[in-house]
Each structure stands twice: as C-alpha cells, then as structure tokens.
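Inside the fold
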Amino acid sequence: MPPFTSPASRRGRPSEHARLLRCVQEILERSDRAVPWDPDTVGLPDAHSDSALARINDVAFYANARDEVTNLAGVCVHLLLLHSPEGDDGSRCQGCRLPWPCPSFGEISRLLG
Ligand SMILES: [Zn+2]
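Residues numbered from 1 in each chain as written. Predicted model: local features only at pLDDT ≥ 70, side-chain atom pairs only at ≥ 80, totals over all residues.

1. Quick word on helix α2 (residues 52–82)
- Along its 31 residues, α2 runs 43 Å from first to last C-alpha, staying within 8% of the 45 Å computed at 1.5 Å per residue.
- Ala65 marks where α2 bends most, by close to 55 degrees. (Helix = DSSP H or I, 4+ residues; strand = E, 2+ residues; numbered from the N terminus. Expected span 1.5 Å × (residues − 1). Bend = angle between axes of the 7 residues up to and from the residue.)

Okay, here's the thing in structure tokens:
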C-alpha cells in the first residue's frame, strides 16, 4: 500500500493528520539527505524515445528532481502544520478556525491519498 493511501473513513481523524505529516516529513528528510543526481553518480536511464528534446527533458527532470521533491514536500509539511487540529479536543483547525477536519485538510488528505 502506498504511504499516503488510507480509507476515506479515516480522513479527518487527528491520527490521520499525524500519519500524513509523518509521511511528508520522511519524504522531506530522505530528499534532503539524497545525493544530488548527476550522470556520474547514478547514471542516466535508457531513453524511451529517439527525440533529443525528450532526452533533454529527462535530464532536466533528473537534475532538478531532488530539489523539487524537497520543495514540494516542504510545502506539504507547511500546509499540514497550518491546517491541524487545535486544542485538547481537536475540534477546530488552528489555521482557518473551521470545525475539524477543515475543508483544506480534507482536500490535502484526498490529494495525498
Ligand atoms: Zn484549516
């Protein structure tokens, strides 16, 4: 099962928020620690096309993937920290003050799941 996948019935529970936050924090940590891609470090996969432009696109993707994954995981961490249950009962979102789970967390959970 992919790390983000969870039944729709679990979405919105505080434990589901903690699980998603832990998943994106782990992705952020792994991408931060990863050696940046270089043709000499891990090589270049075989091309799926004879197009030079497609190959340039592949190389640009690999060259930027580590930083882009780090940035995207960082955005997810910040969104989850912003939209998190607040207080002892966790009945409201600390970011938007709407009843928990707020629509933003619901959408984040749906998109990651
Ligand atoms: Zn919210």
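2. Here's the deal with helix α3 (residues 103–112)
- Looking at α3, one finds that the buried residues are Phe105, Ile108 and Ser109. Taken down its axis, α3 places every buried residue within 95 degrees of arc, on the same side. Turned more than 90 degrees away from the buried face of α3 sit Pro103, Arg110 and Leu111, all of them exposed. (Buried ≥ 20, exposed ≤ 12 C-beta atoms within 10 Å, placed from the backbone. Arc of directions from axis to C-beta.)

3. A look at unusual backbone geometry
- Along the chain, Trp100 connects to Pro101 via a cis peptide bond; the corresponding omega equals 0 degrees.
- Tracing the backbone through its elements, the reader meets Pro101 in the loop between β2 (92–93) and α3.
- At Arg97, a position not held by glycine, the phi torsion is positive, near 70 degrees.
- Mapped onto the elements of the fold, Arg97 is located in the loop between β2 and α3.

4. Things to note about the environment of Gly113
- Mapped onto the secondary structure, Gly113 falls in the segment after α3.
- Counting along the chain gives 93 residues from Gly113 to Leu20, while the straight-line C-alpha distance between them is 8.9 Å.

5. Comments concerning the nonpolar core
- The biggest cluster of nonpolar side chains holds ten residues, and these are Leu20, Val24, Ala73, Cys76, Leu80, Cys93, Trp100, Cys102, Phe105 and Ile108.
- Elements with a minimum of two residues in this core: α1 (14–33), α2 and α3.
- If one sorts the elements of this core by residue count, α2 sits on top with three residues. (Core = buried A, V, L, I, M, F, W, Y, C linked by C-beta atoms within 7 Å.)

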